[in-house]
Amino acid sequence: MVFTRRPAAVLTAIVAACAMAISLTACTTDANSQDTADAQTTVTSSAPGVVAMFTPSDGITLNQQTPLNKWAKLTPNLTKALTSAGFKKGDISHTTSDSLDKQSRAIQDYVVNHLSGSNTTDDAGIVISPDNITLLVAPVVEADASTRQYGDYVSQELSTADTAEGSDSTDSSDSSNSSDSSDSSTGSDSTDDSSSDASKTAGDSKNAAQAEAVDRLVSSLKLAKESGMHVVLMGNSIKGYKPDAFVRFSDAQAIGKLQAEKIVSKLELSKASKDNPKYIEVLMPYTAVDESGEVSDSTFVQEAFRGIWQVLGAYYQKGVVESPSGTLNGNSTEDDWQSVAYDASKEGSTAKVLDARLAKADEHASPTRIDGIIAMNDYIASEVVTELDDLGYTGSAADINPQITISGIVGNITGKKDLSRSDVPDPIKSPEKDDSADSTDSADTQDDSTATDKTDKTKDSQWPLVTGYGAYVSNIPSIVNGKQWLTGIEDRQTLAENIAEACALLNKGQTLTSMSSVRNTEVGGKKKVPTISGPLLAVSASNLKVTLIDPGYISLADAGL
């Protein structure tokens, strides 16, 4: 009798609770509507809600040289921007992971815990509704040593395309079959093939684990979206997955294009001629073989060269730009990246390549004339600077515009004076191709010839423009003294502010169409994804104070001042 009456009592209590909830809801205002249950409050109003950030652990570049484009540098900017947008510090969390496996598990746990109600309240006991939660996720992707030299934000695509042949990342039976196959090959009687079999088995196991991690990540993000949460991917996309928004920082093509465009402007290639061409060398460093001994993916270097060639190609074709080494010419195309690519993982490789490209006619000859070198990143740029000095080049990038002196640059950076610049005339014809001296008498001709010879040697040994990317703190003094002319960086603060604005809008159930920094693009093969992006910052001595020092990215001490 007791057991039959208890359910009825429980049912009566539930009905009463529902009636009470309805009556309480009617008494609240539309501006701050709340649902009560078990003495907890679910926020459904204008409260900003929660943001959970998931980023990779920072990678380490060679020789501990550190670019400013690091996740550890971005997250403080993001936290500051989010709090300025109205988010409470306690409602902003940050998780770092050194592998996709760990990151996918962390995201899975976060989503499941919040949906199960075990971790949905803040310190005030307020329950956060799923539609008031945004996940900011920068998927962990593997990058080789040369790619890491550009910093952490370079966009890559996470894919399961590298899974073991004949296996399906989402099918456990196929994974089992792949494992069985690996076991049988490992047990082969052929001792000659044992090492390769072991390597293949290790590779298959790694690919299977990667596929499992990708599948777990995608499943967790889909579950989050289905429950009402919002997902914003940062930097790296996932093939076949459509987030609520995507943040594009930089990519290989944009990095190459930035350096090429700035050299075109600085050397005024639009005014150059075939009779007095400019000489430019392009260095495309990459890692030929990865740490496991497999051939590396060359997509990054190909895209970077494509960005360069889209800008410089026309000038090579017109004959107003030449490559001293002949690696590029008017017949080159954007597919000829291999002609300027080299394996930068080998110690001293950059110096050897540059020495070969700028080889002298003989030991008594003056240095080979070079006006610009695109080094792609600051690590390579630092090696280029060292080698140019060893090859006998003198001066600095400041010499290309005599109105700008090193003392003037330092004064500008420290806030003592503004820089004044004026165009430097460049003859349409080079001295060695100028026939105007034919009309002079022999004595004048001899004197002019001697003067011209000295001028030619001075011109040949003049320090070229050297470009890089990443804004390595260790390279900033070289920017100041003009040895490295240009570097590049993402505008972290502006991007952080735009990301915070997007999170606030998404948590309020609004679209991002009102944001000027957002446009629809294709991401991971999915069309019309709202994408947050901004132009890359080109940094040289003339704007170093405005771009890096004033925003607090570096200090005067970092600049060697």
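The rules behind these values
Residues numbered from 1 in each chain as written. Predicted model: local features only at pLDDT ≥ 70, side-chain atom pairs only at ≥ 80, totals over all residues. Heavy atoms only, no water. Helix = DSSP H or I, 4+ residues; strand = E, 2+ residues; numbered from the N terminus. Buried < 20%, exposed > 50% of the residue type's maximum accessible area, 1.4 Å probe, protein only. Contact = heavy atoms within 4.5 Å. Pairing = 2+ DSSP bridges. Axes fitted to C-alpha atoms, helices over the stretch in contact; angles between N-to-C directions. Patch = residues over 30% accessible without salt bridge, like charges linked within 9 Å, V, L, I, M, F, W, Y side chains within 5 Å. Areas by Shrake-Rupley, 256 points an atom, 1.4 Å probe, with all protein chains shown as cover. Salt bridge = Lys/Arg side-chain N within 4 Å of Asp/Glu carboxyl O. Lys, Arg positive; Asp, Glu negative; His and termini not counted. Charge placed at Lys NZ, Arg CZ, Asp CG, Glu CD. Expected span 1.5 Å × (residues − 1). Bend = angle between axes of the 7 residues up to and from the residue. pLDDT = per-residue confidence, 0-100. Parallel < 35°, antiparallel > 145°, perpendicular 65-115°, else oblique. Left-handed = near helix turned anticlockwise from the far one by under 90°. Nonpolar A, V, L, I, M, F, W, Y, C, P; charged D, E, K, R; others polar. Core = buried A, V, L, I, M, F, W, Y, C linked by side-chain atoms within 4.5 Å.

Novice: Quick rundown of the overall build of the protein chain? Include the residues and the values.
Specialist: Looking only at helices and strands, one finds 15 helices and 20 strands in the protein chain. Counting only residues that meet the buried cut, the protein chain has 43% of its 561 residues in that class. Partitioning the contacts of the protein chain with sequence separation of at least 6, the portion at a separation of at least 24 is 74%.

Novice: Mind laying out the sheet that holds strand E18 (residues 518-523), listing which residues take part and the relevant values?
Specialist: Strand order in this open sheet of seven strands is E4-E3-E6-E8-E10-E19-E18, and the pairing throughout is mixed. Whereas interior strands pair on both sides, the edge strands pair on one side only; in this sheet they are strand E4 (92-97) and E18. Strand after strand, the sheet turns through a mean of 30° between neighbouring axes, direction not considered. Together, strand E3 (50-56), E4 and strand E6 (133-137) form the strand contacts of helix H3 (residues 100-116), whose direction differs from that of E3 by roughly 165°. Lying on the sheet, helix H14 (residues 492-507) is in contact with E3, E6, strand E8 (230-234), strand E10 (245-247) and strand E19 (526-532); it crosses E6 at an angle near 145°.

Novice: Describe the sheet that holds strand E15 (residues 372-374), with residues and values.
Specialist: Within the open sheet, the four strands sit side by side as E13-E11-E15-E16. Their pairing is parallel. Of all strands in the sheet, those with a lone pairing partner are strand E13 (321-322) and strand E16 (465-467), marking the two edges. Sheet topology note: the strand E11 (residues 278-282)/E15 ladder contains three bridges and is parallel. Bridged to Glu 281 within E15 is Ile 373. Of the strands in this sheet, E11, E15 and E16 touch helix H7 (residues 252-266), which is tilted by about 170° from E15.

Novice: Residue-level account of a positive patch on the surface, with values.
Specialist: A cluster of basic residues, Lys 222, Lys 242, Lys 526, Lys 527 and Lys 528, forms a positive patch on the protein surface. The element that contributes the greatest number of residues to the positive patch is E19, accounting for three residues. By secondary structure assignment, the location of Lys 526 is in strand E19. According to the relative accessible area criterion, Lys 526 is partly exposed, its value standing at 35%.

Novice: Quick rundown of the pattern of salt bridges? Include the residues and the values.
Specialist: Here the structure, examined in full by the defined rule, presents 13 salt bridges. Residues Asp 101 and Arg 216 are paired through a salt bridge, measuring 3.3 Å at the closest nitrogen-oxygen approach. Here the residue Asp 101 occupies a position in helix H3, and Arg 216 occupies one in helix H6 (residues 194-227), the gap between them amounting to 115 residues. The exposure class of Asp 101 is partly exposed, given its relative accessible area of 32%. The partner of Arg 216 in a salt bridge is Glu 212, with the nearest N and O atoms 3.4 Å apart. Separated by four residues within a single helix, Arg 216 and Glu 212 lie in helix H6, roughly one turn from each other. Note on Glu 212: relative accessible area 45%, which makes it partly exposed. Shared partners join several salt bridges into a network, and the residues in it are Asp 101, Arg 105, Glu 212 and Arg 216.

Novice: Could you give an account of helix H8 (residues 299-318), naming the residues involved and the relevant values?
Specialist: Helical geometry: 3.6 residues make up each α-helical turn, so side chains three or four residues apart lie on a common side. Taking 1.5 Å as the rise per residue, H8 with 20 residues should run 28 Å; its terminal C-alpha atoms sit 28 Å apart, in good agreement. In the structure, H8 departs most strongly from a straight axis at Leu 312, where the bend amounts to approximately 50°. A positive backbone phi angle near 85° is found at Gly 319, which sits one or two residues after H8.

Novice: Can you explain the confidence of the model for the protein chain? Please cite residues and give values.
Specialist: Chain-level pLDDT for the protein chain is 79 on average; 70% of the residues reach the 70-or-more range. Long-range and interchain partners of residues 162-188, a stretch whose pLDDT sits below 50, account for 20 contacts in this model, where long-range means more than four residues apart.

Novice: Can you explain the packing of H7 against H8? Please cite residues and give values.
Specialist: Running from amino to carboxyl end, H7 crosses H8 at an angle of 25°, the nearest separation of the two axes being 7 Å. For the element pair H7 / H8, the angle class is roughly parallel. At the point where H7 passes H8, the crossing takes the right-handed sense. Across from Ala 252, Gln 253, Gly 256, Lys 257, Ala 260, Glu 261 and Val 264 in H7, the residues of H8 making contact are Phe 300, Glu 303, Ala 304, Arg 306, Gly 307, Ile 308, Gln 310, Val 311, Leu 312 and Tyr 315. For the contact of H7 with H8, a count of residues per class yields nine nonpolar, four polar and four charged.

Novice: Any details on the side chain of Gln 259? Residues and values, ideally.
Specialist: Note that Gln 259 resides in helix H7. In contact with Gln 259, other than residues within four places in its own chain, are Ile 374, Ala 375, Met 376, Thr 467, Gly 468, Tyr 469 and Leu 486.

Novice: Explain the nonpolar core to me, using residue names and the numbers behind them.
Specialist: In this structure, Leu 269, Ile 280, Met 284, Ile 308, Leu 312, Ile 374 and Met 376 are the most contacted members of the largest nonpolar core, which totals 39 residues. For this core, the secondary structure elements donating two or more residues are H7, E11 and H8. It is H8 that provides the largest number of residues to this core, a total of 10 residues. With near-sequence residues (within four places) excluded, Leu 269 lies in contact with Val 264, Lys 278, Ile 280, Leu 312, Tyr 315, Val 320 and Val 321. Ranked by size, the runner-up nonpolar core spans 30 residues in total, among them Phe 87, Ile 499, Ala 504 and Val 518.

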